[in-house]
Amino acid sequence: MNKIKNSVVIYKGPSLAVPDTEIAVILAGINGKSNNDKIGNMAQLWIITTTSEPSIACANGKDKAICGNCHQRPVNNGNCYVNKYHMHKMHKALVDNRYEFLAPKDVGISLADHNTKIRITAYGDIAVVPNASKILTQLIISDQEFTAYTHLFTETFFDQDLLKWCVLSVDSLPHKLETKKHYPNNKTYRVLAKDELKQDDEIMCPSKKIPLPHGGFRRNIQCQTCLLCNSNSKFDITVDTI
């Protein structure tokens, strides 16, 4: 069976969140080609369990291995916006051994050669991956541009070195204010509640849909251009209810 081009597995093994569950980290779009109109042409990291299709893992709670105790998980009555069925093909390709395995340092060289920016992550939290900060150091080289988030900064297994890479994803304004007590120098990302206004120290995500005269829409700006969502950001970021 033919291998899938431009996508590779860079880690396969235990999850820090649930050590007896195997996960895989898949990097898709090494060549920078993407059909995602919001992010633009960026490679994306996806984290999935190897034993269950993503929608099934969410239904039975196995997604804890990739999302930790995220409040947006379905078992927590959350509202995770990621389309799990979209990833079924990815899981099947993994089971069918259609992805090549490449070391992160080799993938980093390829990303640099293609001048490909990277999104960490499209699904799952990078904090559940052992030696995650070391992996990111190998992936993001030569001043490669990136976005990176983590929601698991309060977990006991959290690698504090990830603070060098990630913006902190929070659930609400009270969660943000509590987070700032412990991480005053780190920036946050949060979804506004219905009819909630941003705070003075926050900016709205500029990736806004702008209607076109003859139908459809375009984005005000794509993630590949904005790149505010990482540890280098000067702003706390908010986005309208998804």
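Here is a short report on the structure shown in this document. Since we're looking at a predicted model, the values are computed, not measured.

### Re the overall build of the chain
Now for step 1: Within the chain one finds seven helices and 12 strands.
Now for step 2: Taken over the C-alpha trace, the chain has a radius of gyration of 17 Å; the compact-globule value for 242 residues is 18 Å, and the two agree within 12%.
Now for step 3: Referenced to the eigenvectors of the C-alpha coordinate spread, the extents of the chain come out at roughly 50 × 45 × 35 Å.
Now for step 4: For the chain, with 242 residues in total, the buried portion stands at 49%.
Now for step 5: Approximately 12700 Å² of the chain is accessible, and the part contributed by carbon and sulfur atoms is 51%.
Now for step 6: Taken as two groups, the 29 positive and 24 negative side-chain charges of the chain have centres that lie 5 Å from each other.

### Focus on the nonpolar core
Generally speaking, a soluble globular protein has its nonpolar side chains buried in company with each other.
Now for step 1: Ranked by size, the top nonpolar core spans 57 residues in total, and within it Val129 and Leu139 carry the most contacts.
Now for step 2: In terms of residue count, the dominant contributor to this core is strand S2 (residues 22–28) (six residues).
Now for step 3: Ignoring sequence-local partners within four residues, the contact set of valine 129 consists of Tyr11, Leu16, Ile23, Val25, Ile47 and Ile135.

### Things to note about the sheet that holds strand S4 (residues 100–101)
Backbone hydrogen bonds are what pair the strands of a sheet, in a parallel or an antiparallel way.
Now for step 1: Taken in spatial order, the 10 strands of this open sheet run S4-S1-S2-S3-S5-S6-S7-S8-S12-S9, and their pairing is mixed. Looking at which strands have only one partner, the edges of the open sheet turn out to be S4 and strand S9 (202–204).
Now for step 2: Pairing of strand S6 (residues 146–150) with strand S7 (residues 167–169), which is carried by two bridges, proceeds in the parallel orientation. Each bridged residue has a counterpart across the sheet, and for threonine 150 the counterpart in S7 is leucine 168.
Now for step 3: Along the sheet, helix H4 (residues 104–113) makes contact with strand S1 (7–14), S2, strand S3 (42–49) and strand S5 (117–123), crossing S1 at roughly 155°.
Now for step 4: Packed on one face of the sheet, helix H6 (residues 173–182) meets S7, strand S8 (188–191), S9 and strand S12 (236–239) and runs near 170° to S8.

### Quick look at the environment of aspartate 240
Now for step 1: Here aspartate 240 shows up in the segment after S12.
Now for step 2: Residues within four places of aspartate 240 in sequence aside, it is in contact with Val191, Leu192 and Met204.

### Digging into the state of the cysteines
Two cysteines, two sulfur atoms, one covalent bond between them: this is a disulfide.
Now for step 1: Applying the stated criterion across every chain yields a total of zero disulfides.
Now for step 2: No disulfide involves cysteine 166; its sulfur sits 11 Å from the nearest other cysteine sulfur, which is in cysteine 229.
Now for step 3: Taking relative accessible area as the criterion, cysteine 166 reaches 1% and is therefore assigned buried.
Now for step 4: Considering cysteine sulfurs only, cysteine 226 is the nearest to cysteine 229, which forms no disulfide, with 6.3 Å between them.
Now for step 5: Overall, cysteine 229 belongs to the buried group, its relative accessible area being 10%.

### Some remarks on the packing of aromatic side chains
Now for step 1: This model, assessed by the stated rule, comprises three aromatic pairs.
Now for step 2: Relative to tyrosine 189, the ring of tyrosine 149 has its centre 5.7 Å away and its plane inclined at 75°; by these criteria the two rings are edge-to-face. Highlighted residues: tyrosine 149 in strand S6 and tyrosine 189 in strand S8, separated in sequence by 40 residues.
Now for step 3: Assessed through its relative accessible area of 15%, tyrosine 189 is described here as buried.
Now for step 4: With a centroid separation of 5.6 Å and an interplanar angle of 85°, the aromatic rings of phenylalanine 153 and tyrosine 183 are classed as edge-to-face.

### Description of unusual backbone geometry
Now for step 1: For the peptide bond that leads from isoleucine 120 to threonine 121, omega is 5°, which places it in the cis range.
Now for step 2: Tracing the sequence through the fold places threonine 121 in strand S5.
Now for step 3: The phi dihedral of asparagine 115 is positive, around 55°, even though this residue is not glycine.
Now for step 4: Of note, asparagine 115 is situated in the loop between H4 and S5.
Now for step 5: Given the relative accessible area of 62%, asparagine 115 is considered exposed.
Now for step 6: Even without a glycine there, the phi angle at asparagine 131 is positive, about 55°.
Now for step 7: Tracing the sequence through the fold places asparagine 131 in the loop between S5 and helix H5 (132–139).
Now for step 8: Looking at asparagine 131, the relative accessible area reads 55%, which means it is exposed.

Thresholds applied
- Residues numbered from 1 in each chain as written.
- Predicted model: local features only at pLDDT ≥ 70, side-chain atom pairs only at ≥ 80, totals over all residues.
- Heavy atoms only, no water.
- Helix = DSSP H or I, 4+ residues; strand = E, 2+ residues; numbered from the N terminus.
- Rg over C-alpha atoms; globule rule 2.2 N^0.38 Å.
- Buried < 20%, exposed > 50% of the residue type's maximum accessible area, 1.4 Å probe, protein only.
- Areas by Shrake-Rupley, 256 points an atom, 1.4 Å probe, with all protein chains shown as cover.
- Lys, Arg positive; Asp, Glu negative; His and termini not counted.
- Charge placed at Lys NZ, Arg CZ, Asp CG, Glu CD.
- Core = buried A, V, L, I, M, F, W, Y, C linked by side-chain atoms within 4.5 Å.
- Contact = heavy atoms within 4.5 Å.
- Pairing = 2+ DSSP bridges.
- Axes fitted to C-alpha atoms, helices over the stretch in contact; angles between N-to-C directions.
- Disulfide = S-S within 2.5 Å.
- Phe/Tyr/Trp six-rings, centres within 6.5 Å; stacked < 30°, edge-to-face > 60°.

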